[in-house]
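What follows is the residue order along each chain.
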Amino acid sequence: MAFNIKSLLTKFFVVAYQVFLKSLEKSANQTLDGIVFVNENNQIIWRNQNAADWLGLENSYASNNIRKYFSDPQFANFLNNPDSTKSLEFNAPADKEKYLSLQIIPFGEKDKLIVIRDISKPMQLAKVRTDFTANASHELRSPLTVISGYIEIMNQENNIPEEWREPIQEISRQTERMQSVLTDLLMLFQLESERENLSDQMIDLNAMALSTKQDIMASKQSPKSFTLNISDPFILLGDEFKIQSVLDNILENAIRYSDEQGEINISWFVDKDGGHLAISDNGIGIEQKHIERLTERFYRIDKGRSRALGGTGLGLAIVKHALQNHGATLEIKSKFGHGSEFICHFPIERIKQ
């Protein structure tokens, strides 16, 4: 009998491939993640049991398009542009009480590996934290209002001993600061809880920026110069109150970290990618190591300076969430000692001529 090495190698690779698939299936079913393999046409090749349970995959899933199981319109774009560094969060199609995070990893030449994680517990903890913050803020507002009222009466009283004047003024300053923190916390809570209820008003950014400039230049902390460069007549669709909050918080930072020679510029332009609102200043600037963390709650570069200047540490967190609610992003450019630029990038679908 002739020795057929080609036939032997073929059998060897078939057996090895079957062993590999069984090993893969065993490992995938033991993991806590959901795993789905799809081909270049997004048809399901294989899935483990967690993925089947969470996505509601039928037993005869083979060759079904993975899009069939997702109602979220973002998923299609996410699937067509796989990026293993990004994730998509959504409610499980088969269990709306479960919250999932999904990543897509290119596999082989054209296939994709979809990894799904159950993030229900972290999301529930985040909700508990948010609810606690909101409830505590509401509960604290009433006693602070009472304290503020009494402090105002005491400040107007002529018979208060002189040695009490300064402590009373300090109590007044700290009460105002706490009220500012609570106001910002409630604003942040509102932004986080109303993502799906965004109004689409027609916002004239030129008029908004002009009105804001007039208010700032009439205040005690006005910069040396404040210029507007808004030539495009395009209208922004969004929530006017939230966009005003974005503008106010960025400008507040610019003024706070500039001196009497401060120069501020607001520009607005539209291109094929969308609308871009840029606020620049010539202030003290930001070191690169801080930029990624600037939008975190209560993150401060210089805690002593921030508190002395009256900041709550929540302004840029509010900006970030307000922009996210509009499908927009915040880009921060800065060079320490040479000022900063904050650019809000709005998607093209929010621009109207």
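Here, the structure is the one placed above.
Residues numbered from 1 in each chain as written. Predicted model: local features only at pLDDT ≥ 70, side-chain atom pairs only at ≥ 80, totals over all residues. Heavy atoms only, no water.

Colleague: Quick rundown of the sheet that holds strand 13 (residues 351-352)? Include the residues and the values.
Modeller: The antiparallel open sheet is built from 3 strands, whose spatial order is 6-8-13. Here the strands that pair on one side only, and so sit at the sheet edges, are strand 6 (201-203) and strand 13. Pairing geometry for strand 8 (residues 235-238) and strand 13, over 2 bridges, is antiparallel. Within the sheet, the bridge partner assigned to isoleucine 235 lies in strand 13 and is lysine 352. (Pairing = 2+ DSSP bridges. Helix = DSSP H or I, 4+ residues; strand = E, 2+ residues; numbered from the N terminus.)

Colleague: An account of unusual backbone geometry is requested, with residue identities and associated values reported.
Modeller: Unlike most non-glycine residues, asparagine 42 shows phi in positive territory, near 65°. Residue position: asparagine 42 is located in the loop between strand 1 (34-38) and strand 2 (44-47). On the basis of relative accessible area, asparagine 42 is assigned to the buried category, the value being 7%. (Buried < 20%, exposed > 50% of the residue type's maximum accessible area, 1.4 Å probe, protein only.)

Colleague: Can you tell me about helix 7 (residues 240-256), naming the residues and giving the values?
Modeller: With 17 residues, helix 7 should cover 24 Å at 1.5 Å per step; its first-to-last C-alpha distance of 24 Å lies within 8% of that length. Among the 17 residues of helix 7, 12 are classified as buried, and the element is accordingly described as predominantly covered. Residues of helix 7 that are buried: Lys242, Ile243, Ser245, Val246, Leu247, Asn249, Ile250, Leu251, Asn253, Ala254, Ile255 and Arg256. (Expected span 1.5 Å × (residues − 1).)

Colleague: Describe the sheet that holds strand 9 (residues 263-271), naming the residues involved and giving the relevant values.
Modeller: Strand-to-strand pairing in sheets goes through backbone hydrogen bonds, with the strands running parallel or antiparallel. With respect to topology, 5 strands assemble into an open sheet ordered 7-9-10-12-11, the strand pairing being mixed. Either end of the sheet is taken by a strand with one partner, and the two such strands are strand 7 (225-230) and strand 11 (329-334). Adjacent strand axes in the sheet meet at a mean angle of 15°, parallel and antiparallel pairs treated alike. Two elements, strand 7 and strand 9, share 6 bridges in a ladder whose sense is parallel. Along strand 9, the bridge assignment pairs isoleucine 230 with tryptophan 268. Relative to the sheet, helix 6 (residues 205-217) contacts strand 7 and strand 9, its axis offset from that of strand 7 by approximately 175°. (Axes fitted to C-alpha atoms, helices over the stretch in contact; angles between N-to-C directions. Contact = heavy atoms within 4.5 Å.)

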